[in-house]
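# Inside the fold
If you want the building blocks of each chain, they are given just below.
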Amino acid sequence: MRGRYRWRQLHSIKELRTNPNSYPSKKTLTQRRHNDKPRPVGDSDIKQWNMAISYYMRNSQLDSALHFFNLMPRRSSVSYNAMISGYLMNGRFDLARNLFDEMPERDLVSWNVMISGCVRNNNLAAARELFEEMPERDVVSWNAMLSGYAQNGCIDEARKIFDRMPCKNSISWNALLATYVHNGRMEEACRLFESKLDWDLVSWNCLMGGFVKKKMLVDARRVFDRIPFRDKISWNTIITGYAQNGEIEEARRLFNESPVRDVFTWTAMVSGFVQNGLVDEARETFEQMPQKNAVSWNAMIAGYVQCKRMDMARKLFDKMPFRDVTTWNTMITGYAQSGEIAHARDFFDRMPRHDPVSWAAMIAGYAQSGYSEEALRLFVDMKRDGERLNRSSFACALSTCAHIAALELGMQLHGRLVKAGYESGSFVGNALLLMYCKCGGIEEACSAFEEIMEKDIVSWNTMIAGYARHGFGKEALKIFESMKAAGVKPNDTTMVGVLSACSHAGLVDRGMEYFYSMNQDYGITANSRHYTCMVDLLGRAGRLDEAQKLIRNMPFEPDAATWGALLGASRIHGNTKLAEMAAELIFEMEPENAGMYVLLSNLYAASGRWADVSKMRLKMRDTGVKKVPGCSWLEVQNKIHTFSVGDSCHPDRDKIYAYLEELDLKMKREGYVSSIKLILHDVDEEEKEHMLKYHSEKLAVAYGILSIPAGRPIRVMKNLRVCEDCHNAIKYISKIVGRLIILRDSNRFHHFREGSCSCGDYW
């Protein structure tokens, strides 16, 4: 009879699952309750109700579960626990906690379930409160709290719980060991490990894996040699450790000794060869593999991609029997990094499914290849497709905005970042910070800097360099002092920013003090970039003899950038002889450096040495050097408008030229005089003045005044250094129109306001 009843019970539950309507109706239950001869509900009946509740909860049918819970003629603690577990399983912590508080009687399982739910919801305070209220605890209760602290990085709290435990099981020991290992606290992990003898194999592998992750291979090998019985994971971990850290021969020897090899063992060797640049050895191992999975194929394809052997990567890709999204992404990244953007786009369009990595790789490819507008267009398409924007996508898009100075679009991205919750992290935060700095929004950059919760060295360096490029040297040095006060140690890039800030602001004595003390104060040895900053600092200040002496005393040969700094300073101060000497040395190192030819030509033209200007032109022609055409651009309503000298292509050209003529008359009434000495052509003064009037930056500024509403800054970018005449003219324009004009040239930012520039005419 008992067997037949059990069969009917199981059959009943099966029927209820397939046909939920077969559960007792409310009417039936009411009739049962008011029967002339009521009978108590047996445990087997309650069990069926509980199983029904669990079934509905597993299928996320919370309302149905609650409906049957409410209809139950009698409930046990199991009924409540099933409901609480179900709510927690479906992310309804609030409902679980309410029901827990309403329970007439709680058993140990109820407390443990609720504590585990608090832990999963990262509410450790609530978990600890419940834990302390428990009338009794078992090892499950203690382990729940231990795991909660461990998962949230509260290592010391986890240890306190561990030490208080009256009884520990293997889960307790393994949880604490894993906590130490995953947080890199290997000394404490070792002490814990040595305090117990009967560790299981999982624990041995965990400890060894921790040493491998920290690149402590001697310690990892010591653990490996002590393991009483090794499995595949043991061998794979140690082989991978040696392979990834450049000890490929030892990895190969262990691979040959390994008594058991699975696809992961073979793949570890393939990956090891790839990471050590031995792609042919990787291919030989790959061909010997008895079986391959997607990871094996991807590792081999990645090896060819890293070596820029895209033809071999493509052949392997075509042979691959099963491709996953990683395979496609690897090929897209490879083609993009090789400059074959058309092939990358072909793969992107053909892949069955995109993920955030695919989009980010393609956006980065366009940006790195100079197709900034395509990169931003793809970013917009990514959002339109409903793809979740990840950190890499945002960083690539922000980098592209920085490159083309698309501030308005960058600010829109900032808004999306805030909604996505990424703005406080250093990775995206630094990209946002760099975008604002390069787009001329130094105040916005300062705000973005403050929003970064955990600033890293890149954050501080970006802000220092940003202030330096904008000519706010004193502000840059304040950030530097704050950085040191925050306990962040400066690196060589930091000091380049600091010295550059001193150079742009004319703080010669401060700059020299930093330069000569950085080795003693911060352990930083001066490199060529630091010396170039110092030559620029001294040269701009007119201390050309000191700049030359510094170059002669450099512990290594000066490079073209260092001589270029001296050449630039010589041009500023009209020292033609010194400029010629520096230029000749630069031409030997970089014969195709068009910028240096132009600088020297400018100096000759300013001195009226037209024969030498002609010689420079002939020299450029004979060496095949072409002057980079100057252009300026600005962003208006998310569109980039580009201008070249004497531009006649812009649709509003007539309006722009008419307005420039009007401005020219107003400027002359204020005292403006054209710097005609800067024209590198031996023509009459009237023609020179006409040639200066329509430089690209003046056209861009005029269009900005006409198109951008009053009260908003006009931000113009130029690919070359701004000329002296344009610099002088824009000062006058800023006073006449009462607008803030921010100009970024190839060297720095200029903030023009009320007839003066932030550089103090020192650039």
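Note that this is a predicted model, so its numbers are computed, not measured.

### Brief notes about the overall build of the protein chain
- Regarding its fold elements, the protein chain presents 42 helices and six strands.
- Counting the 763 residues in the protein chain, one finds 48% classified as buried.
- Taking contacts inside the protein chain between residues at least 6 apart in sequence as the whole, the part at least 24 apart equals 60%.
- On the protein chain, roughly 37500 Å² of surface is accessible, and the fraction owed to carbon and sulfur atoms is 50%.

### Some points on the pattern of salt bridges
- Applying the stated rule across the entire model yields 22 salt bridges.
- Lys 668 is the salt-bridge partner of Asp 664, the closest N and O atoms lying 3.4 Å from each other. Here Asp 664 and its partner Lys 668 are both found in helix α39 (residues 653–670), four residues apart, which amounts to about one turn of the helix.
- Salt bridges sharing common partners tie together Arg 221, Asp 225, Glu 250, Arg 253 and Glu 257.

### Details of the side chain of Thr 462
- Along the chain, Thr 462 falls in helix α29 (residues 457–469).
- Contact partners of Thr 462, with chain neighbours within four places excluded, come to Leu 433, Leu 434 and Cys 437.

### Description of the pairing of strand β1 (residues 631–636)
- Counting buried positions over the six residues of β1 gives five, a clear majority of the element.
- Pairing geometry for β1 and strand β2 (residues 639–644), over six bridges, is antiparallel. Of the residues in β2, the one forming a bridge with Ser 632 is Phe 643.
- What sits between the antiparallel neighbours β1 and β2 is a turn of two residues, in which Gln 637 has the positive phi angle 55°.
- In this structure, β1 lies alongside strand β3 (residues 714–718), joined through two bridges in antiparallel fashion. In the strand pairing of β3, Trp 633 is matched with Met 717.

### Observations regarding the packing of aromatic side chains
- Tallied over the entire structure, the rule returns 22 aromatic pairs.
- Taking the centre distance of 4.8 Å and the plane angle of 80° together, the rings of Phe 193 and Trp 204 count as edge-to-face. Here the residue Phe 193 occupies a position in helix α12 (residues 186–194), and Trp 204 occupies one in helix α13 (residues 201–213), the gap between them amounting to 11 residues.
- Exposure remark for Phe 193: the relative accessible area of 2% places this residue in the buried category.
- With centroids separated by 5.5 Å and ring planes inclined at 85°, the aromatic side chains of Phe 480 and Tyr 514 adopt a geometry described as edge-to-face.

### Description of unusual backbone geometry
- One non-glycine residue, Lys 215, lies in positive phi territory at about 65°.
- Turning to its location among the elements, Lys 215 is positioned in the loop between α13 and α14 (217–226).
- You will see that Glu 754, though not glycine, has its phi angle at about 50°, which is positive.
- Topologically, Glu 754 is positioned in the loop between β5 (749–753) and β6 (756–757).
- The exposure class of Glu 754 is exposed, given its relative accessible area of 54%.

### A look at the sheet that holds β5
- Here we have six strands laid out as an open sheet, ordered β2-β1-β3-β4-β5-β6, and mixed in their pairing. Sheet topology places β2 and β6 at the edges, where each strand pairs with a single neighbour.

### Things to note about the packing of α13 against α14
- Where α13 contacts α14, the axes come no closer than 8 Å and their chain directions differ by 160°. Viewed along their axes, α13 and α14 adopt a mutual orientation that is roughly antiparallel. Pair α13 / α14 crosses with left-handed handedness. Taking contact as the criterion, the partners of Trp 204, Leu 207, Met 208, Phe 211 and Val 212 in α13 are, on α14, Asp 219, Ala 220, Val 223, Phe 224 and Arg 226.
- For the contact of α13 with α14, the class distribution of residues is eight nonpolar, no polar and two charged.

### A look at the packing of helix α20 (residues 310–319) against helix α21 (residues 325–337)
- Relative to each other, α20 and α21 sit at 160°, their axes nearing to 11 Å. With respect to α21, the element α20 is oriented roughly antiparallel. Where α20 crosses over α21, the two elements pack in a sense that is left-handed. Contacts from Met 310, Ala 313, Arg 314 and Phe 317 in α20 reach Thr 327, Trp 328, Met 331, Gly 334 and Tyr 335 in α21.

### Focus: the pairing of β3
- Within β3, five of the five residues are buried, which leaves the element mostly enclosed by the surrounding structure.
- Note that the unit made of β3, helix α42 (residues 724–737) and strand β4 (residues 741–744) has a crossover that is right-handed.

### Structural notes on the nonpolar core
- Ile 84, Met 114, Leu 207 and Met 435 are the most contacted members of the largest nonpolar core, which totals 211 residues.
- Every residue in contact with Ile 84, bar those within four places of it in the chain, is listed here: Ala 96, Leu 99, Phe 100, Met 103, Val 113 and Met 114.
- Grouped together as the second largest cluster of nonpolar side chains are 31 residues, Tyr 672, Val 701, Ala 702 and Cys 759 included.

### Some details on the UniProt feature "repeat: PPR" (unreviewed entry) in the protein chain
- As annotated in UniProt, the feature "repeat: PPR" (unreviewed entry) corresponds to residues 76–110, 138–172, 231–261, 262–296, 324–354, 355–389, 456–490 and 527–557 in the numbering used here.
- Overall, residues 138–172 shows 74% helix and 0% strand. The separation of its end C-alpha atoms is 12 Å.

### Remarks on α42
- For α42, spanning 14 residues, the distance from its first C-alpha to its last is 20 Å, which sits close to the expected 20 Å at 1.5 Å a residue.
- Within α42 the residues assigned to the buried category are Asp 725, Cys 726, His 727, Ala 729, Ile 730, Lys 731, Ile 733 and Ser 734.
- Just downstream of α42, Gly 738 is the residue with a positive phi angle, here 65°.

### Section: α12
- Looking at α12, one finds that the buried residues are Met 186, Ala 189, Leu 192 and Phe 193. All buried residues of α12 fall inside an arc of 120° around its axis, so they share one side. Of the exposed residues in α12, those oriented more than 90 degrees away from the buried face are Glu 187 and Arg 191.
- In this structure, the buried side of α12 is in contact with α10 (155–164), α11 (170–182) and α13.

### Observations regarding the confidence of the model for the protein chain
- On average, residues of the protein chain score 81 in pLDDT, and 90% of them are at 70 or above.
- Overall, residues 1–42 carries pLDDT values under 50, and its contacts beyond four positions in sequence, including any with other chains, amount to 31 contacts.
- A low-confidence stretch, residues 679–688 stays under pLDDT 50, and its non-local contacts, those more than four residues away or across chains, total 21 contacts.

Reading the values: the criteria
- Residues numbered from 1 in each chain as written.
- Predicted model: local features only at pLDDT ≥ 70, side-chain atom pairs only at ≥ 80, totals over all residues.
- Heavy atoms only, no water.
- Helix = DSSP H or I, 4+ residues; strand = E, 2+ residues; numbered from the N terminus.
- Buried < 20%, exposed > 50% of the residue type's maximum accessible area, 1.4 Å probe, protein only.
- Contact = heavy atoms within 4.5 Å.
- Areas by Shrake-Rupley, 256 points an atom, 1.4 Å probe, with all protein chains shown as cover.
- Salt bridge = Lys/Arg side-chain N within 4 Å of Asp/Glu carboxyl O.
- Pairing = 2+ DSSP bridges.
- Phe/Tyr/Trp six-rings, centres within 6.5 Å; stacked < 30°, edge-to-face > 60°.
- Axes fitted to C-alpha atoms, helices over the stretch in contact; angles between N-to-C directions.
- Parallel < 35°, antiparallel > 145°, perpendicular 65-115°, else oblique.
- Left-handed = near helix turned anticlockwise from the far one by under 90°.
- Nonpolar A, V, L, I, M, F, W, Y, C, P; charged D, E, K, R; others polar.
- Right-handed = clockwise from strand over helix to strand, strands pointing away.
- Core = buried A, V, L, I, M, F, W, Y, C linked by side-chain atoms within 4.5 Å.
- UniProt positions renumbered as here; feature names shortened; annotations may be inferred.
- Expected span 1.5 Å × (residues − 1).
- Arc of directions from axis to C-beta.
- pLDDT = per-residue confidence, 0-100.

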